[in-house]
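Coordinates in review
Take a look at the letters that make up each chain.
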Amino acid sequence: MIRVLLADDQPAAREGLRLLLGSAPDIEVVGAAANGRELVVMARRLRPDVVFSDIRMPGMDGVAAVRELARLDPAPPTVMLTTFDIDDYLFGALQAGAVGFLLKESEPELHVEAVRAAYRGEGVIDPKVTPRLVNRFAQTSPRAAPRRSADLTGREREVLRLVAMGHSNARISEELGITPGTAKIHVTRILTKLGVESRVQAAVYAYRYGLATWSDTFGED
């Protein structure tokens, strides 16, 4: 069972998320916080496998809470949820260490899959938000990549491009003709070499420094 801790300042939203995620056979909702500070306290006590948190909450918001959660050992992967797809929220959440970003209007199935992906060590970005993420970097001249990018092998660059496209380890294994276990090993090495903490941050890195392109994700128009 994947033990999930929720956070949302709206009681109806908390209950809706509890019912939605709790209906999945492999997910157990172990608690629900009303704000970021309560979320951090509960996370320290309950040690959830995954945190599913709203961004805009009174007192301590979700982004600040993620920064606090990152200090836990081990730090639970966090998926952020919001009605706002404003860039500042998206990038603030990712920079704080979130592994996923969903809009509240996302399909219920995506909420459940986001929890499972976070538990597997993968990230999920709402398809409605992905173009904003890619466009942020793809429509500008790529920056010169830091020297650590040179440490990537040719195969690792291939894997990074597929990670930036949002592919899971299973999909990467199919694309490259390798096992899912080997794909996971490549992703782990990529994160270490790039000095990032999640697949989503690796994707941002790839677009920022020209290691993945707009056409990779959306094709040539």
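See the structure printed just above.
Residues numbered from 1 in each chain as written. Predicted model: local features only at pLDDT ≥ 70, side-chain atom pairs only at ≥ 80, totals over all residues. Heavy atoms only, no water.

Comments concerning the overall build of the chain
We count it as follows: Every helix listed is a DSSP run of H or I at least four residues long, and every strand listed is a run of E at least two residues long, numbered separately from the N terminus. Three exposure classes are used, based on accessible area relative to the maximum for each residue type with a 1.4 Å probe and protein chains only: buried under 20%, partly exposed in between, and exposed over 50%. Note on contacts: a residue pair qualifies if any of its non-hydrogen atoms lie within 4.5 Å across the two residues. Each accessible area is a Shrake-Rupley estimate made with a 1.4 Å probe; only the visible protein chains count as cover when residues are assessed.
Along its length, the chain carries 11 helices and 6 strands. The buried share of the chain, taken over its 221 residues, is 47%. For the chain, contacts bridging at least 24 residues in sequence account for 66% of all contacts bridging at least 6. Entry remark: accessible area of the chain is about 10,600 Å², with carbon and sulfur atoms responsible for 49%.

With respect to the sheet that holds strand β2 (residues 27-33)
This is how the line gets drawn: At least two bridges found by DSSP between two strands are what make those strands a pair.
Judged by pairing direction, the sheet is parallel, and its 6 strands sit side by side in the order β2-β1-β3-β4-β5-β6 without closing on themselves. The open sheet has two free edges, formed respectively by β2 and β6 (124-125), since each of these has just one partner strand. Looking at chain direction, strand β1 (residues 2-7) and strand β3 (residues 50-54) are connected through 4 bridges and run parallel. Bridge assignment links Leu6 to a residue of β3, and that residue is Phe52.

Description of the packing of helix α7 (residues 154-164) against helix α8 (residues 169-176)
Formally: Every axis corresponds to a line fitted to the C-alpha atoms, with the helix fit spanning only the stretch in contact, and the corresponding angles, defined between N-to-C directions, vary from 0 to 180 degrees. Comment on the angle field: the value is read as roughly parallel under 35 degrees, roughly antiparallel over 145, roughly perpendicular from 65 to 115, and oblique elsewhere. In this scheme the crossing of two helices becomes right-handed for a clockwise turn of the near helix relative to the far one and left-handed for an anticlockwise turn of less than a right angle. Put simply, Ala, Val, Leu, Ile, Met, Phe, Trp, Tyr, Cys and Pro go in the nonpolar bin, Asp, Glu, Lys and Arg in the charged bin, and everything else, Gly too, in the polar bin.
Running from N to C, α7 and α8 point in directions that differ by 130°, and their axes come no closer than 10 Å. Compared by their axis directions, α7 and α8 come out oblique. Where α7 crosses over α8, the two elements pack in a sense that is right-handed. Residues Arg155, Glu158, Val159, Leu162 and Val163 of α7 pack against Ile172, Glu175 and Leu176 of α8. Residue classes in the contact of α7 with α8 are distributed as 5 nonpolar, no polar and 3 charged.

Considerations on unusual backbone geometry
The omega torsion across Asp73 and Pro74 is 5°, close enough to zero to call that bond cis. You will see that Arg47, though not glycine, has its phi angle at about 50°, which is positive. With respect to the helices and strands, the residue Arg47 is situated in the loop between α2 (36-46) and β3. Of the residues examined, Arg47 reaches a relative accessible area of 40% and is grouped as partly exposed.

Some points on the side chain of Thr78
Stated precisely, the cut-off is as follows: For this analysis, a polar contact is any N or O atom pair within 3.5 Å, provided that within protein one partner can donate a hydrogen and the other can accept it, and provided that sequence-adjacent residues contribute only side-chain to side-chain pairs.
Relative to the helices and strands, Thr78 resides in strand β4 (residues 78-82). A distance of 3.3 Å separates the side chain of Thr78 from the backbone oxygen of Pro76, its partner in a polar contact. Thr78 has contacts with Val51, Ser53, Val66, Leu69, Ala98, Val99 and Gly100, leaving out every residue within four places of it along the chain.

Focus: the nonpolar core
The criterion, for reference: The set of buried Ala, Val, Leu, Ile, Met, Phe, Trp, Tyr and Cys residues whose side-chain atoms join them within 4.5 Å is what this entry labels a nonpolar core.
Val159, Leu160, Ile172 and Leu194 are the most contacted members of the largest nonpolar core, which totals 23 residues. Dropping the residues within four chain positions of it, Val159 is found in contact with Ile172, Leu176, His186, Val187 and Ile190. In terms of nonpolar packing, the next biggest core, distinct from the first, is built from 21 residues, Val99, Val115, Ala117 and Val124 among them.

A short note on the pattern of salt bridges
In plain terms, the rule: One speaks of a salt bridge when a side-chain nitrogen belonging to Lys or Arg is within 4 Å of a carboxyl oxygen belonging to Asp or Glu.
Counted by the stated rule, this structure contains 10 salt bridges. Where Glu68 meets Arg71, a salt bridge forms, and the shortest distance between an N and an O atom there is 3.6 Å. A salt bridge links Glu156 to Lys193, with the shortest nitrogen-to-oxygen separation between them at 2.8 Å. Residue Glu156 is located in helix α7, and its partner Lys193 is located in helix α9 (residues 180-194); the two are separated by 37 residues in the primary sequence. Residue classification places Glu156 among the buried positions, given a relative accessible area of 2%. When its relative accessible area of 27% is taken as the criterion, Lys193 is described as partly exposed.

Details of the pairing of strand β5 (residues 100-103)
Both faces of β5 are covered, namely the face carrying Gly100 and Leu102 and the face carrying Phe101 and Leu103. Two strands pair when backbone bridges link them, and β5 and β6 are joined in this way by 2 bridges, in the parallel orientation. Counterpart to Phe101 in the pairing with β6 is Ile125.

Some thoughts on α8
As a reminder, the rule being used: Within this analysis, the arc is defined by the directions that extend from the helix axis to the C-beta atoms.
Looking only at α8, the buried set comprises Asn169, Ile172, Ser173 and Leu176. Seen along its axis, α8 keeps its buried residues to an arc of 100°; they face one direction. If you follow the buried residues of α8, they end up packed against α7, α9 and α10 (199-208). Phi turns positive, to about 70°, at Gly177, one or two residues after α8.

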